Amino acid sequence: MADLKALADAVIKGDQSTAVEITESALVEGTAAKIVLDEGLIAGMDIVGDRFKKNEIYIPEVLIAARAMKMAMEVLEPELVKAGVEPVGKLIIGTTQGDLHDIGKNLVAMMLKGAGFDVIDLGVDVGPEKFVEKARVTGTQLIGMSALLTTTMPSMEKTIKALKEAGISAKIMIGGAPVTQGYAEKIGADGYAADAASAVDLAKGLVA
Ligand code: B1M
């Protein structure tokens, strides 16, 4: 029987080769892909998120863990698709118009993938029209926006207005260093998260 606790530990340590190896052997042994995902990979990422929130680990460790998770997910994904396992929720995410900062946004996207979300990353410098178009095409439940510049924060408000005018009912979450809970309330976002681990909790709450 594959050791899924060891798989979670490999994710926590960012040990890519062990994570891939245990994932492969678990599948060969006939362990259901969903069990490998929930009890191995997501269990590991949950602990990473928790430690990050408590400042016990920092961004480099989270990125290394997320990379190990990504490698193992490449092995697992075809099996999840075959088994028809539904993601926790779907989310499109992007950095707002005029803003090229993507380190935090990528971290949030990786943590959400780690939590079982189907994440569609629109990249950087994403304007209201693109958010609206992609929200329509994907039928997403959640829209995430990240801004690192005070000058690009107003694009969040424009995007929310455009989404509402287009009749998109997806929940909207925002974040980024200059963004605050008060700003989220002011522009009509459904939620704000200060960091990637809180973004996962927020996203889970918004799709619940
Ligand atoms: Co820029 N930059 N930068 N920069 N840069 C800042 C943001 C700045 C604070 C530096 C400073 O002056 N002290 C300043 C902004 C000032 C302001 O507006 N108040 C600044 C500036 C001015 C600029 C330029 C204008 C500089 C210039 O050209 N004159 C220029 C703008 C370019 C553009 O975007 N159009 C610029 C360019 C760049 C680089 C390209 C060199 C590079 C970006 C590389 C990249 O991202 N690929 C860069 C960097 C690296 C920074 C700093 C140093 C680091 C940002 C970062 O990655 N932090 C930054 C100063 C600083 O913060 N110390 C700075 C780490 C990252 C993990 O944190 O992004 O906050 P963060 O994400 C966190 C949370 O905020 C949250 O979770 C993440 C993980 O915990 N979060 C979310 C983020 N998005 C979220 C979304 C959510 C929920 C949570 O829901 C959807």
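Rules behind the numbers
Residues numbered from 1 in each chain as written. Predicted model: local features only at pLDDT ≥ 70, side-chain atom pairs only at ≥ 80, totals over all residues. Heavy atoms only, no water. Buried < 20%, exposed > 50% of the residue type's maximum accessible area, 1.4 Å probe, protein only. Helix = DSSP H or I, 4+ residues; strand = E, 2+ residues; numbered from the N terminus. Pairing = 2+ DSSP bridges. Right-handed = clockwise from strand over helix to strand, strands pointing away. Salt bridge = Lys/Arg side-chain N within 4 Å of Asp/Glu carboxyl O. Axes fitted to C-alpha atoms, helices over the stretch in contact; angles between N-to-C directions. Parallel < 35°, antiparallel > 145°, perpendicular 65-115°, else oblique. Left-handed = near helix turned anticlockwise from the far one by under 90°. Contact = heavy atoms within 4.5 Å. Donors = N, O, S within 2.8 Å, 3.2 Å for Na, K, Ca; no water.

A. The arrangement of the pairing of strand S1 (residues 90-96) in detail. Within S1, six of the seven residues are buried, which leaves it mostly tucked inside the rest of the structure. With six bridges joining them, S1 and strand S2 (residues 118-126) adopt parallel strand pairing. Of the residues in S2, the one forming a bridge with Ile92 is Ile120. For the crossover that starts at S1, traverses helix H5 (residues 103-114) and ends in the parallel S2, the hand is right-handed.

B. Geometry of the sheet that holds S1. Here we have five strands laid out as an open sheet, ordered S2-S1-S3-S4-S5, and parallel in their pairing. In this open sheet, the two strands that pair with only one neighbour each are S2 and strand S5 (191-192). As defined by bridge partners, S1 adjoins strand S3 (residues 142-146) across five bridges and the pair is classed as parallel. Within S3, the residue paired with Leu91 across the bridge is Leu142.

C. A look at the pattern of salt bridges. Following the criterion strictly, the structure yields seven salt bridges and no others. Among the salt bridges present, the one from Lys34 reaches Asp38, with a minimum N-O distance of 2.5 Å. Linking Lys34 with Asp38, this pair stays in helix H3 (residues 33-53), spanning four residues, or about one helical turn. Given the relative accessible area of 33%, Asp38 is considered partly exposed. Glu165 serves as the salt-bridge partner of Lys161, at 3.3 Å between the closest nitrogen and oxygen. Here Lys161 pairs with Glu165, and both are found in helix H7 (residues 154-165), just four residues apart, close to one helical turn. Neither Lys161 nor Glu165 differs from the other in exposure class; each is exposed.

D. Region of interest: the packing of H5 against helix H9 (residues 196-207). Between H5 and H9, the shortest axis-to-axis distance is 9 Å and the interhelical angle comes to 50 degrees. When the interaxial angle is binned, H5 and H9 end up oblique. As for the relative orientation of H5 and H9, their crossing is right-handed in sense. Contacts between H5 and H9 involve Leu107, Val108, Met111 and Leu112 from the first element and Ala196, Ala197, Ala199, Val200 and Ala203 from the second.

E. Up close: the pairing of strand S4 (residues 171-175). Burial runs high along S4: four of the five residues are buried. Alignment of S3 against S4, held across five bridges, turns out to be parallel. Looking at S4, one finds that Met145 is bridged to Ile174. One crossover worth recording links S3 to the parallel S4 by way of H7, and it is right-handed. Relative to S5, S4 runs parallel, the two sharing two bridges. The residue bridging Met173 from the neighbouring strand is Gly191, located in S5. Remark: the S4/helix H8 (residues 181-187)/S5 crossover connection has right-handed handedness.

F. Broad picture of the coordination of the cobalt atom of the ligand. Exactly one donor from the protein chain reaches the cobalt atom of the ligand: His101 (NE2), at 2.1 Å. Mapped onto the fold, His101 is located in the loop between S1 and H5.

These figures capture arrangement, not role.
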